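# Residue-level structural notes
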Amino acid sequence: MSSDSAPPGFELPLRLLLAFRVIIDELHERIAREGHPDLRPMHGFVFQAIGPGGTTAVELGRRLGVSKQAAGKTVEQLERLGYVERGSDPDDARRKVVRLTARGTDCLVRSARIFDELRLQWSETLGEERLRALESDLRALAPGDPFRFDTPRWFGSP
């Protein structure tokens, strides 16, 4: 391919996916060193879908785009790891609500800090102006809510 010709169309989505993987893999390496070695990329989507107020397994499954059973299996795994807990809904004792534990919240706080650090690294590599332009371009090409919790389902069930 000459320097004048455009790369093949299939390269763009692969490069975008690779950039995502680079960030997520680095996040998980760092978060493991900070006391969260059992986390998987899918867990971040689950934490966000649970939200600050908690949710039911049925609602979690809906938000993630998976069955209630798949959501329940993920909740069981995260409960064993100490990231979530199940309890009664104060408004309806028959409903079981999944909530983040202090460990789950700690993981989110650390992740947010690490994402900021990774963005700073990219800014140092590309320059802040180029990085902001890239972010702006991505917002134009991929508008809408960036919090698509059903992304793991899109790749395959959790």
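Residues numbered from 1 in each chain as written. Predicted model: local features only at pLDDT ≥ 70, side-chain atom pairs only at ≥ 80, totals over all residues. Heavy atoms only, no water.

The next point concerns the packing of helix H3 (residues 57-64) against helix H4 (residues 68-80). Closest axis-to-axis distance for the H3/H4 pair is 8 Å, and the angle between their directions is 105°. The angle between H3 and H4 places the two elements in the roughly perpendicular class. In this structure, H3 contributes Ala57, Val58, Leu60 and Gly61 to the contact, and H4 contributes Lys68, Ala71 and Val75. Here the residues of the contact of H3 with H4 sort into five nonpolar, one polar and one charged. (Axes fitted to C-alpha atoms, helices over the stretch in contact; angles between N-to-C directions. Helix = DSSP H or I, 4+ residues; strand = E, 2+ residues; numbered from the N terminus. Parallel < 35°, antiparallel > 145°, perpendicular 65-115°, else oblique. Contact = heavy atoms within 4.5 Å. Nonpolar A, V, L, I, M, F, W, Y, C, P; charged D, E, K, R; others polar.)

Let us look at the nonpolar core. Counting 23 residues, the largest nonpolar core has Val46, Phe47, Ile50, Leu60, Leu64, Tyr83 and Val84 as the members making the most contacts within it. If you list the elements that add at least two residues to this core, you get helix H1 (11-33), helix H2 (41-50), H3, H4, strand E2 (92-100) and helix H5 (102-126). Ranked by the residues each element gives to this core, the list is headed by H2, at five residues. Not counting the four nearest positions on each side in its chain, Tyr83 is found in contact with Gly35, His36, Leu39, Phe47, Leu78, Arg99, Leu100, Thr101, Arg103, Gly104 and Cys107. (Core = buried A, V, L, I, M, F, W, Y, C linked by side-chain atoms within 4.5 Å. Buried < 20%, exposed > 50% of the residue type's maximum accessible area, 1.4 Å probe, protein only.)

Along its 23 residues, H1 runs 33 Å from first to last C-alpha, staying within 8% of the 33 Å computed at 1.5 Å per residue. When we look at burial in H1, the residues that qualify are Ile24, Leu27, His28, Arg30 and Ile31. In the core, the buried residues of H1 are packed alongside H2 and H5. At the C-terminal side of H1, Gly35 shows a positive phi close to 105°. (Expected span 1.5 Å × (residues − 1).)

Turning our eyes to something else, we now look at the pairing of E2. In terms of strand pairing, strand E1 (residues 84-89) meets E2 through six bridges, oriented antiparallel. Paired with Ser88 across the two strands is Lys96, which belongs to E2. Adjacent in sequence and paired antiparallel, E1 and E2 are bridged by two residues. (Pairing = 2+ DSSP bridges.)

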